[in-house]
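Below are the chains, spelled out letter by letter.
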Amino acid sequence: MYSYFILHFVLFPGGGVAVGTLLLIEEDKYGLYSNLLFKYFLAEGIVCGHDLFVASAKEHPDKILKELPAPLLDDTYGKELGDEAAAKSEDSQDSMKIAWRYQNLPKMEASPTTYTKFGHYYDVSKKMSPELCQSVKWHSFYLHEELSFEPKLKAWSMNSGYARLLQSIQKIISQEGFDGSDPQKKQRNVLRIGIQSLGSILWGDGVCCSDNPEDPHSLTKFLYVLRGLLRKSLSACIITVPAHLIQNKAIMERVTNLSDMVVGLESFIGSERETNPLYKDYHGLVHVHQIPRLNSLICDVSDTKDLAFRLKRKLFTIETSLFAAFS
């Protein structure tokens, strides 16, 4: 049974989101599950003692931080998941014997059969305590407030919202000691950058409104400059993008190429799969479009990219989807 960060451990050998890289999440149709992953990333940063930078044009960052899931710091819960996963794996192997036509297919584990401590688990039914949230240093960027201070800022030949955001990120990296090129006397920390629903109309971008927007290059220029900032700093970034609303597929292809990792979420809400008995145990699929190639020409490819997720009462889990092999 995969938690969000176990997903990275499986897909990206070595585990986690590497410092200096960009993870792009293609939002599900209603943004429910992508928003949850976004909050998981920030919550893990708080538990690990990392600094945070939260940017949004949709929700105020203060509200986002107040809604982070509470960590399950009791290690016994993770071990219970490991025992449950081992039992489920044995059942799946027994069921495979019934269908002789599938016996030559590669064996896939629906979940890891042994418990490995990696990252933390979170209870989505509870909110993180204010004391824990305030235990780390965090910075916020709310577009509507920022534009009211300097509404006509335009740099790097992109719209003012993106330019203002880049300026803020660059300032934090430089002034707070995250610039990897500058020697630091104090102990270094990692900056986690989270940007919500980038490319939406709320950011002043028209890529979601037309296949031929007035300014089709602002988003890709932003990602190009951002990636340069990440590469020379002690930071890691997650961005959610409403890819299903971007009408020009060429723009989305460029966005993908400018990211290190790209993962898409497909929710079953409102689709035929919601009532299909084949998918009854799941709430959606995880599509791995791109995995990182760090300091190499090729990347290590995982055994399977067919993943599904489900939201239980307390836990969001990601598992290898056996049915994807037969579809």
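Residues numbered from 1 in each chain as written. Predicted model: local features only at pLDDT ≥ 70, side-chain atom pairs only at ≥ 80, totals over all residues. Heavy atoms only, no water.

K.L.:
Outline the overall build of the chain, supporting the account with residue identities and numerical values.
P.N.:
Secondary structure assignment for the chain yields nine helices and eleven strands. In the chain, the share of contacts with a sequence separation of at least 24, taken over all contacts with a separation of at least 6, comes to 76%. (Helix = DSSP H or I, 4+ residues; strand = E, 2+ residues; numbered from the N terminus. Contact = heavy atoms within 4.5 Å.)

K.L.:
Talk me through the packing of helix H7 (residues 160-175) against helix H8 (residues 218-231); I want residue IDs and the actual numbers.
P.N.:
Geometry of a packed helix pair, given as the angle between the helix axes and the separation of the axes. Where H7 contacts H8, the axes come no closer than 10 Å and their chain directions differ by 5 degrees. In terms of axis orientation, H7 runs roughly parallel to H8. Taking contact as the criterion, the partners of Tyr162, Leu165, Leu166, Ile169, Gln170 and Ile173 in H7 are, on H8, Ser218, Leu219, Phe222, Val225, Leu226 and Leu229. The residue makeup of the contact of H7 with H8, split by class, is ten nonpolar, two polar and no charged. (Axes fitted to C-alpha atoms, helices over the stretch in contact; angles between N-to-C directions. Parallel < 35°, antiparallel > 145°, perpendicular 65-115°, else oblique. Nonpolar A, V, L, I, M, F, W, Y, C, P; charged D, E, K, R; others polar.)

K.L.:
Let's hear about the environment of cysteine 209: which residues, and what values?
P.N.:
Among the secondary structure elements, cysteine 209 is positioned in the loop between strand E6 (191-196) and H8. When the C-alpha atoms of cysteine 209 and glutamine 247 are compared, they prove to be 7.3 Å apart, with 38 residues separating the residues in sequence. Not counting residues up to four positions away in its chain, the partners in contact with cysteine 209 are Ile201 and Gln247.

K.L.:
Let's hear about H7: which residues, and what values?
P.N.:
Two residues of an α-helix separated by three or four positions point the same way, owing to the 3.6 residues in each turn. If you check H7, its first and last C-alpha atoms are 22 Å apart, about what 16 residues at 1.5 Å a residue would give, namely 22 Å. All of the buried residues along H7 are Gly161, Tyr162, Ala163, Arg164, Leu165, Leu166, Ser168, Ile169, Ile172 and Ile173. Its side-chain oxygen placed 3.0 Å from the backbone nitrogen of glycine 161, asparagine 159 serves as the N-cap of H7. One or two positions beyond H7, positive phi appears at glycine 177, with a value near 85 degrees. (Expected span 1.5 Å × (residues − 1). Buried < 20%, exposed > 50% of the residue type's maximum accessible area, 1.4 Å probe, protein only. Polar contact = N/O pair within 3.5 Å; in protein donor to acceptor, adjacent residues only side chain to side chain.)

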